[in-house]
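# An overview of the molecular structure
Letter by letter, the chains look like this.
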Amino acid sequence: MKRLCFLRHAKSDWGDPAKDDFDRPLNTRGAKAADFMAEYIASSPYRPDAVLCSTAARATATCSPLCKALGKDVPITYRDELYHAMPDAMLEEIHRASDDAETLLLVGHNPGLVLLAMALAEDPEDETALRVAHGVPTGGFIVFEFDIDRWADIAEGEGRTVFFGRPRDLMAAEAEN
């Protein structure tokens with residue numbers, strides 16, 4: 001079995017209209033969410049063995065605290081091809097991942113992430129898949145499981161959507177505990 005996770009980059013800063021989209025940093029709320037999600041993911045049952053990340057500033061800034069939380073044993077691969085990638089380009093990068101990783105995390109952007117998530121969902125009417133279909137906010141985290149041995153074998157319509165969490169909901173749940 002392989003587990004594929006998606007993390008949408010955290011909230012970015014739109015304060016400088018002259019800044020190119022690719023170079024937009026995280027805003028204060030986004031940095032806080034990135035820190036929280038890093039700790040959440042690193043201590044969850046969905047802890048990745050490898051990470052693929054877009055090279056856009058907001059994606060790498062989202063990934064940075066995750067790199068620290070995961071430690072040096074988890075390889076992080078930054079790919080220009082994941083910047084605003086559509087599902088076919090993201091799937092191509094996933095297919096190239098090392099089969100040594102049982103859990104792979106992709107840090108990227110909408111609309112491609114949600115489009116790929118919906119394409120991969122085995123049961124688009126499943127409650128978790130329906131929540132994903134209604135939108136993945138910045139910092140949103142999605143987990144799929146596939147009955148495969150190789151990343152190259154991931155195909156549309158074969159992923160069980162096992163988890164979807166939004167930073168604000170996860171933070172609220174943690175605050176209650």
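Residues numbered from 1 in each chain as written. Predicted model: local features only at pLDDT ≥ 70, side-chain atom pairs only at ≥ 80, totals over all residues. Heavy atoms only, no water.

## Details of the overall build of the chain
Heads up, the rule is: A helix here means a DSSP run of H or I that spans at least four residues, while a strand means a run of E at least two residues long, and both kinds are numbered starting from the N terminus. Throughout, radius of gyration means the C-alpha value; the globule benchmark is 2.2 Å times the number of residues raised to the power 0.38. Using a 1.4 Å probe on the protein chains alone, a residue whose accessible area is under 20% of its type maximum counts as buried, one over 50% counts as exposed, and one in between counts as partly exposed. Calculation of accessible area relied on Shrake-Rupley with a 1.4 Å probe; when residues are assessed, cover is drawn exclusively from the protein chains displayed. Under the counting rule used here, the positive set is Lys and Arg, the negative set is Asp and Glu, and His together with the chain ends is not counted. By convention, charge coordinates are those of NZ in Lys, CZ in Arg, CG in Asp, or CD in Glu.
A tally of regular secondary structure across the chain gives six helices and six strands. Each helix (α) and strand (β) of the chain, taken in turn from the N terminus, gives the series β-α-β-α-β-α-β-α-α-β-β-α. Relative to the globule expectation of 16 Å for 177 residues, the C-alpha radius of gyration of the chain, 15 Å, shows essentially globular dimensions. By residue count, 48% of the 177 residues in the chain fall in the buried class. Summed over all atoms, the accessible surface of the chain reaches about 8,600 Å², with 49% contributed by carbon and sulfur. Counting 19 positive and 31 negative side-chain charges, the chain places the averaged centre of each group 7 Å from the other.

## Let's talk about the sheet that holds strand β1 (residues 2–8)
The test is simple: Strand pairing is assigned whenever DSSP identifies at least 2 bridges connecting the two strands. Simply put, an axis is a line fit to the C-alpha atoms, just over the touching stretch for a helix, and the angle between two N-to-C directions goes from 0 to 180 degrees. Contacts are assigned to residue pairs with any non-hydrogen atoms lying within 4.5 Å of each other.
Read across the open sheet, the six strands follow the order β3-β2-β4-β1-β5-β6; overall the sheet is mixed. The two strands at the open ends of the sheet, each matched to only one other strand, are β3 (76–79) and β6 (160–165). Here the average twist between neighbouring strands, direction ignored, is 20 degrees. In this structure, β1 lies alongside strand β5 (residues 141–146), joined through six bridges in antiparallel fashion. Along β5, the bridge assignment pairs Leu 7 with Phe 141. Running at roughly 150 degrees to β1, helix α4 (residues 112–120) makes contact with β1, β4 (103–108) and β5 of the sheet.

## What about the nonpolar core?
Filter applied, for reference: Nonpolar cores were defined as sets of buried Ala, Val, Leu, Ile, Met, Phe, Trp, Tyr and Cys residues, with membership established by side-chain atoms within 4.5 Å.
With 29 residues, the main nonpolar core has Leu 4, Phe 6, Ile 94, Leu 120 and Ile 154 as its most contacted residues. Elements with a contribution of two residues or more to this core: β1, β2 (50–54), α3 (87–95), β4, α4, α5 (127–133) and β5. The element contributing the most residues to this core is α4, with five residues. Membership of the second largest hydrophobic core comes to 21 residues, among which are Met 37, Tyr 46, Cys 63 and Leu 105.

From the geometry alone we can't say anything about function, so treat these as descriptive.
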